[in-house]
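Tertiary structure, described
Given next are the chains, with one letter for each unit.
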Amino acid sequence: MNPHRRPVSIATRAGILVWLWAAAGIALAAPPAAQPAPDAPPADFKTLDQEVQGVKKDVIELNEDLFVLEENLLFPANTQVAVYLSMDVGTFFALDSVTVKIDDKEVANYLYTAREVKALLKGGVQRIYLGNQKVGKHEIVAFFIGKGPHGIDYRRGAALTFDKGIGAKYLELKITDRVPKHQPEFVIKDWE
Amino acid sequence: MVLAALFATGAAASSLIGRPAPDFALKGLDGNNLRLSEYRGQVVLINFWARWAGDSRVEMPALDRLDKTYRRAGLVVLGVSVDEDATRAGEFATAMRVSYPILFDTGPRIGRGYFLGTMPTTVLVDRSGIVRYVKVGYKAGDDRAFIDQIRELLRE
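Attention here is on the structure that accompanies the text.

Quick notes on the rules
Residues numbered from 1 in each chain as written. Chains lettered and ligands numbered in written order. Predicted model: local features only at pLDDT ≥ 70, side-chain atom pairs only at ≥ 80, totals over all residues. Helix = DSSP H or I, 4+ residues; strand = E, 2+ residues; numbered from the N terminus. Buried ≥ 20, exposed ≤ 12 C-beta atoms within 10 Å, placed from the backbone. Contact = placed C-beta atoms within 7 Å. Nonpolar A, V, L, I, M, F, W, Y, C, P; charged D, E, K, R; others polar. Pairing = 2+ DSSP bridges. Axes fitted to C-alpha atoms, helices over the stretch in contact; angles between N-to-C directions.

Within chain A, the secondary structure is distributed over three helices and eight strands. Going from N to C terminus, chain A has its helices and strands arranged as α-α-β-β-β-α-β-β-β-β-β. Buried residues in chain A amount to 11% of all 192 residues.

So this is what it looks like as structure tokens:
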């Protein structure tokens, strides 16, 4: 027996017993509550799940807003130049890497994995460069390295002089197949 | 002074632990390009090695055994040569006859990102792309430490 335990009188024990019995009686007398379907989640869980989904959605939206804000701050429209790369067909050219120079300064150098090339061939467009350039005339030069027809090493360049105005400038490097000549074609397109 | 420099390099490489592994894309010995971020979801062991580092010669066969044992469980082993001469590094790697991909980093950018100094340096990256373990240098038997770490990361 625990020596520190306080002795409990018989009267107190009887009181507790009566109280428990009364509580049990009330519980048994109460009408049975509607039972939820066995598979349905409790209402509280449903609400919590909806709240979590709502918070997740808010976080995604906030992240998007921050991303746009960051880009607008880092690359304001009056100096922004974005260069995209797309590939059509690709029968005569297996892309390995692309180097982009603006005004003779290398701004991008990208090595493509097989998975990335596959994504481009499926219609994907890659933003290869996003940066700031002053208003005025600039020259963009792109070097395309890969395997050409019959698996031979291929290195071709394309150049374009563009006018950077006060709005954002979008340029596209396009790799297409020139079917009559069985050769790939590399073009830089200025999206006015 | 040399020891202090080596210690500083090791400490710098270890500072990557808990941080996202710097991404890279490199050309492989087989001519294919590989990008680290494409292995997200798998445990990746990156072994930076050099022809002139004697320990690399000992470490590579041990890593090859690890690759063969744990590949099916989700481990990817990448050997990254930091030799400036990719041709000679390729010859060396071919002679070592390892089955995991060998990549060539001839520029300073990736080495800088991983605070490389002493060769070899081995980095273990978890399924989320976070650096979890860094080992600078190699002594025979060190691969046992890798096994414990690899098993732990594969279980996550």
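Now for the interface of chain A and chain B. Contacts between chain A and chain B engage six residues on the former and seven residues on the latter. Taken together, the residues that form the side of chain A that touches chain B break down as three nonpolar, one polar and two charged.

Glancing now at the pairing of strand β7 (residues 131-136) of chain B. Residue and element names in this part refer to chain B. Summarising burial for β7: five of the six residues are buried, a large majority. Pairing between strand β6 (residues 121-125) and β7: five bridges, direction antiparallel. Counted as the bridge partner of Thr122 is Lys135 from β7. Between β6 and β7, which pair antiparallel in sequence order, lie five residues; one of them, Gly129, sits at a positive phi of approximately 85 degrees.

All names here are of chain B. Strand order in the open sheet made by the seven strands is β2-β1-β5-β4-β3-β6-β7, with mixed pairing throughout. Looking at strand neighbours, the two that pair on one side only are β2 (33-35) and β7, the edges of this open sheet. Shown here is a sheet whose adjacent strand axes are inclined to one another by a mean of 30 degrees, direction ignored. Examined bridge by bridge, strand β1 (residues 25-28) and β2 share three bridges and lie antiparallel to one another. Across the sheet, Lys27 pairs through a bridge with Asn33, a residue of β2. Across the sheet, helix α5 (residues 143-155) lies against β3 (43-49), β4 (75-81), β6 and β7, angled at about 170 degrees from β7, the strand it touches most.

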